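# Chain and residue survey
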Amino acid sequence: MSPSKLYLFKVKRYRPNLDDRPFWQSYEISLSSFDRVLDGLIKIQDQLDPTLAFRKSCAHGICGSCAMKINGVNRLACQTLVKDLPTLIEIEPLPKLPIIKDLVVDMSPFFEKYEKILPYLINNEPPPERERIQNPNDQEKILEAITCIQCGCCTTSCPTFWTNDKYLGPSSLLKAYRFIYDNRDNASLERLQKIIDEMGLLHCHLALNCLKACPKGINIPAHIIKLKKFALKKALRRK
Amino acid sequence: MNTQRHRFDTVIIGSGLAGLRASLEAIKGGSVAVLSKLYPTRSHSTAAQGGIGAALGNEEPDDPEWHFYDTVKGSDFLGDQDAIEYMCYSAIPTVIELEHMGVPFSRTPEGKIAQRRFGGHTKYFGAEPVRRACYSADRTGHAVLHCLYEQALKNRVQFFDEFQVLDIVVENGVAQGVIALELKSGDLHLFESKAVVVASGGFGKIFKVTSNAFATTGECLSILFEQGLPLEDLEFFQFHPTGLYKLGILITEGARGEGGVLLNGKGERFMERYAPTLKDLAPRDVVARAILREIMEGRGIDGKDYVHLDLTHLDPKILEKRLPEISSFCKIYLGLDPALSPIPVVPTAHYAMGGIPTDKKGRVLRDVDGSYVPGLYAAGECACVSVHGANRLGCNSLLDTLVFGRETGTDINRNLKDLSLGKIPPHRVDKVIAFLQFLRSNKGKERVATLRDALQGIMMNKVSVFRTREGLFEALEELQVLRDRFQEIELMDKSGIFNQEMLSALELYHMINLAEALVFSALVREESRGAHYREDFPERDDVNWLKHTFVYKTSSGIDYKFKPVVITKFKPTERTF
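Residues numbered from 1 in each chain as written. Chains lettered and ligands numbered in written order. Predicted model: local features only at pLDDT ≥ 70, side-chain atom pairs only at ≥ 80, totals over all residues. Heavy atoms only, no water.

### Considering the domain arrangement of chain A
Residues and elements named next belong to chain A. Once the domains are mapped, chain A shows domain 1 (4–105) and domain 2 (108–238). Inter-centroid distance (C-alpha atoms) of domain 1 to domain 2 is 30 Å. Taken together, the contacts link 14 residues of domain 1 with 13 residues of domain 2. Between domain 1 and domain 2 lies a buried interface of about 1,100 Å² when both sides are counted; carbon and sulfur atoms form 67% of it. Our count for the domain 1 to domain 2 interface comes out at 0 salt bridges. Where domain 1 touches domain 2, the interface holds 4 residue pairs in polar contact (both at pLDDT 80 or more). (Domains from an automatic or database assignment. Contact = heavy atoms within 4.5 Å. Buried area = accessible area lost by both parts, 1.4 Å probe. Salt bridge = Lys/Arg side-chain N within 4 Å of Asp/Glu carboxyl O. Polar contact = N/O pair within 3.5 Å; in protein donor to acceptor, adjacent residues only side chain to side chain.)

### Side note on a nonpolar patch on the surface
All names here are of chain A. Residues Leu-206, Leu-208, Leu-211 and Ile-225 make up a contiguous nonpolar surface patch of about 300 Å² in total accessible area. Looking at the element boundaries, Leu-206 is found in the loop between helix H6 (188–197) and helix H7 (209–213). Judged by its relative accessible area of 35%, Leu-206 is partly exposed. (Patch = residues over 30% accessible without salt bridge, like charges linked within 9 Å, V, L, I, M, F, W, Y side chains within 5 Å. Areas by Shrake-Rupley, 256 points an atom, 1.4 Å probe, with all protein chains shown as cover. Helix = DSSP H or I, 4+ residues; strand = E, 2+ residues; numbered from the N terminus. Buried < 20%, exposed > 50% of the residue type's maximum accessible area, 1.4 Å probe, protein only.)

### Things to note about the packing of aromatic side chains
Two aromatic rings are characterised by how far apart their centres lie and by the angle between their planes. Residue and element names in this part refer to chain B. On inspection of all chains with the given rule, the structure shows 33 aromatic pairs over all chains. Centroid distance Phe-207 to Phe-239: 5.3 Å. Interplanar angle 80°. Geometry classified as edge-to-face. Taken as a pair, Phe-207 in the loop between strand E9 (188–198) and helix H5 (219–226) and Phe-239 in strand E11 (residues 237–244) lie far apart in primary sequence, 32 residues in all. In this structure Phe-207 comes out as buried when scored by relative accessible area, which is 0%. Over the ring of Tyr-135 we find Arg-116, and its NZ or CZ is 3.9 Å from the ring centre. In this arrangement the basic side chain of Arg-363 is found over the ring face of Tyr-372, its NZ or CZ atom lying 3.9 Å from the centre. (Phe/Tyr/Trp six-rings, centres within 6.5 Å; stacked < 30°, edge-to-face > 60°. Lys NZ or Arg CZ within 6 Å of the ring centre and 35° of its normal.)

### Focus: the environment of A:Lys116
Residues and elements named next belong to chain A. Along the polypeptide, Lys-116 turns up in the loop between helix H2 (108–114) and helix H3 (136–143). Lys-116 sits in the partly exposed class, given a relative accessible area of 34%. Lys-116 sits 79 residues away from Ile-195 along the chain, and the two C-alpha atoms are 8.1 Å apart. Setting aside residues no more than four positions away along its own chain, Lys-116 makes contact with Leu-168, Lys-194 and Glu-198.

### Notes on the interface of chain B and chain A
Listed per partner, the contact involves 58 residues of chain B and 65 residues of chain A. With both chains or domains summed, chain B and chain A bury close to 5,000 Å², and 55% of this area falls on carbon and sulfur atoms. It is B:Arg42, B:Phe214 and B:Tyr333 that lose the most area in chain B upon contact with chain A, and together they represent 14% of the buried surface on that side. Where chain B touches chain A, the interface holds 8 salt bridges. A:Lys101 is the salt-bridge partner of B:Asp493, the closest N and O atoms lying 2.8 Å from each other. The tally of links between chain B and chain A comes to 35 residue pairs in polar contact (both at pLDDT 80 or more).

### Section: the pattern of salt bridges
Residues and elements named next belong to chain B. Inspection of the entire model under this criterion finds 68 salt bridges over all chains. The shortest N-O distance in the salt bridge between Lys-569 and Glu-85 comes to 3.6 Å. With Lys-569 in the segment after strand E22 (557–564) and Glu-85 in helix H3 (residues 81–101), this pair connects stretches of sequence that are 484 residues apart. In this structure Lys-569 comes out as partly exposed when scored by relative accessible area, which is 45%. Residue classification places Glu-85 among the partly exposed residues on the basis of a relative accessible area of 25%. Here Asp-167 and Arg-428 are joined by a salt bridge, their closest N and O atoms 3.0 Å apart. Pair noted here: Asp-167 is in strand E7 (residues 163–171) and Arg-428 is in helix H12 (residues 426–441), with a separation of 261 residues, a long-range link. Using a relative accessible area of 8% as the deciding quantity, one classes Asp-167 as buried. On the accessibility criterion, Arg-428 (7% relative accessible area) is buried. Linked through salt bridges whose partners overlap, the residues forming this network are Asp-76, Glu-235, Asp-285, Arg-289, Arg-525, Glu-527, Arg-529, Arg-540, Asp-542 and Arg-575.

### Structural notes on the confidence of the model for chain B
Mean pLDDT over chain B stands at 97; residues scoring 70 or higher make up 100%. Across the interface, the model reports ipTM at 0.97; the global pTM reads 0.97. (pLDDT = per-residue confidence, 0-100.)

### Brief notes about the sheet that holds strand E4 (residues 115–123) of chain B
Taken together, the 3 strands give an open sheet; going across it, the order is E3-E5-E4 (chain B), and neighbouring strands pair in antiparallel fashion. Edge strands, defined here as strands with exactly one partner in the open sheet, are strand E3 (52–53) and E4 of chain B. (Pairing = 2+ DSSP bridges.)

### Looking at the pairing of E9(B)
Residue and element names in this part refer to chain B. Taking burial as the measure, the 11 residues of E9 include 10 buried ones, the bulk of the element. Across 10 bridges, strand E1 (residues 3–13) lies against E9 in parallel orientation. Residue His-6 lies in a different strand from E9, and its bridge partner there is Phe-191. Across 5 bridges, the pairing between strand E8 (residues 174–182) and E9 is antiparallel.

### Overview of the environment of B:Cys147
The residue B:Cys147 is located in helix H4 (residues 140–154) in this model. According to the relative accessible area criterion, B:Cys147 is buried, its value standing at 3%.

### What about the domain arrangement of chain B?
Residue and element names in this part refer to chain B. When its domains are assigned, chain B resolves into domain 1 (241–350) and domain 2 (426–533). Between the C-alpha centres of domain 1 and domain 2 the distance comes to 32 Å. Of the residues lining the interface, 5 residues belong to domain 1; the matching set on domain 2 comes to 5 residues. Together, the buried faces of domain 1 and domain 2 total about 530 Å²; carbon and sulfur atoms form 73% of this surface. At the boundary of domain 1 with domain 2, the tally comes to 0 salt bridges. Counting every contact that joins domain 1 to domain 2 gives 1 residue pair in polar contact (both at pLDDT 80 or more). Looking at the side of domain 1 that touches domain 2 residue by residue, the class counts come to 2 nonpolar, no polar and 3 charged. (Nonpolar A, V, L, I, M, F, W, Y, C, P; charged D, E, K, R; others polar.)

Structure representation (structure tokens):
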């Protein structure tokens with residue numbers, strides 16, 4: 001297919017019960033221009049060092065397992081082609097989450113944030129016999145937000161989250177948006193109040209890191225700005 | 001090893017659509033634990049692209065009876081018609097219920113659930129394609145999975161994320177619970193329960209080129225098989241016609257549903273020759289074989305081993321609105337814009353029609369006579385009801401997970417008062433610990449990755465779309481060699497926490513088991529039906545083979561029995577499209 005090339009993968013490692021702190025380990029591997037960073041990691045695990053740990057599952061950018069920091073940017077290893085990077089590739093775990101082993105971080109603090117924003121459709125009216133009507137213009141409003149795969153790239157790239165781990169983060173705010181702007185949902189104001197009270201909306205200072213980090217290309221700040229405007233219009237403030 | 005003990009009314013293995021749908025029902029009757037080897041939203045259901053089949057008739061006239069007929073014919077008449085009829089008629093309320101839960105389906109201009117054409121789905125009993133697949137762009141599985149997970153959280157289902165199942169305990173013919181390893185801590189957890197639901201998904205990873213995620217390794221099927229429980233119709237493994245060349249990543253059938261066509265090296269729309277009426281929208285077994293025939297006869301692109309899926313004639317708006325995900329990954333992985341260039345594709349291992357035999361209530365069968373294991377249930381791809389028979393139609397898999405996931409939960413609630421809380425005997429725990437000990441301390445010259453590659457190679461070369469007795473025999477012999485080599489395995493990672501090498505070894509052990517059961521089933525069936533094509537027996541043989549295969553592990557090797565197909569309305573006829 002395509003000629004292969006040597007790459008140096010510098011991986012930040014941490015082995016529980018063995019290491020006091022993370023250290024860097026280098027691996028040299030040959031990859032083709034069609035290979036992804038994930039292919040490189042698999043090759044290392046298969047051929048050089050089976051003790052290296054990292055998450056993977058779907059391998060085509062829909063499950064969100066293989067989020068990691070690659071050459072300084074949070075991205076999905078399965079969606080990053082090595083040919084788009086220099087031959088020195090530095091890989092670290094997602095920032096500011098507890099490291100379990102090597103590139104595997106504990107995602108529970110990230111997922112727990114969702115549970116604070118009532119992350120489900122709320123509509124207490126008896127459902128109609130058929131589907132609730134949602135015209136294409138209404139759906140357009142949530143179309144980008146529903147593509148989120150909860151990989152964590154955005155939240156762990158956010159400087160507010162780095163300094164305040166209670167902050168809900170862009171990912172949960174986006175999930176709140178997805179329901180607040182769903183015309184079938186009846187709890188918009190309740191949810192909006194929630195993301196204000198829970199150290200959320202008002203703590204976003206638009207550093208815009210999440211804009212660059214999202215592997216699905218979602219314009220997260222635009223969604224957050226819309227939520228902020230909505231909160232202003234409703235004159236909502238912290239209780 | 002540290003051991004923790006939990007008690008729940010119901011323990012569900014797997015957090016894909018089947019497991020989550022079952023959990024939403026079972027939580028109405030008692031406490032529910034869902035165990036997942038991943039974080040729940042990473043489950044492979046999320047990769048389902050095209051849609052859910054339901055005769056809503058939102059875009060044009062449709063009828064559940066036509067859906068029923070299409071599914072029976074698609075299954076090459078091996079599906080059980082009572083179950084298929086139930087599924088197709090339940091499809092409509094099932095999809096409406098999802099919409100009420102919040103699934104963001106794509107919409108028609110009037111705001112109803114949008115529907116698209118899909119392979120093998122027709123109107124007027126085969127006359128022409130019909131718009132039956134209810135979709136959310138080309139991310140339907142993702143949309144439904146996230147919604148069901150949200151509902152499960154709301155309803156206080158308890159999740160145990162990144163727990164690897166090591167044993168499903170059946171003792172005295174009754175389900176007792178599950179033994180699992182918590183990856184994060186390395187601790188052993190015993191879940192004792194009244195009911196156990198296996199909803200662990202497929203096992204496409206036994207093949208080299210597959211659309212399936214890394215996690216789909218089928219250990220739960222193997223765990224039951226090792227206890228002497230049967231597996232049904234394993235010989236029927238679907239190859240999806242359009243996997244991205246070399247990568248195997250799925251390009252949804254919805255791409256052809258929206259008007260995409262397959263072209264060979266001469267630029268011919270070759271499906272017209274193989275399926276004059278449905279053409280590119282014939283069922284998957286037919287299209288996959290056609291593509292490989294074209295390639296074998298030298299009509300691949302530039303004589304190579306792939307064909308083209310051409311979407312360049314479609315309105316770019318359709319690609320943008322209805323097929324954004326596949327457009328995006330064609331650009332990422334191949335540097336190719338499907339609006340401008342055709343996509344190189346080749347069939348990819350996709351879906352197991354066979355699996356753990358169940359009845360319509362999800363109860364796991366112990367024998368061909370219909371007797372079942374009290375407290376043990378299965379749903380989704382790992383199960384075989386059988387609604388897909390010898391070949392599944394596109395967008396019937398999500399439907400299967402939802403309909404029979406719910407049935408499973410309903411039946412558990414009905415029987416909870418008669419089921420007693422299971423007990424996991426110490427000898428089962430000892431056995432599990434001994435196996436982990438073996439993996440971690442064994443000395444030898446074999447590596448997990450080498451053996452896994454060998455397994456995937458054997459299955460790809462000898463047990464994929466075209467099969468012969470000779471090739472299958474060779475595969476069985478080679479699998480036996482692999483089994484011996486497995487005894488010589490040595491791990492480099494001896495640690496207890498997140499030891500992925502040990503998990504891979506464990507998965508490999510079970511994949512070899514499953515592969516052997518699959519090859520054995522394929523050898524037994526001396527006919528060609530649906531996805532099972534024997535070059536030495538190229539015709540369907542209803543006189544001798546209109547029956548399901550059950551394979552069992554016995555002390556003297558694998559044995560088999562047959563179970564009759566349930567035929568209610570549609571008598572087997574010649575299958576042309």
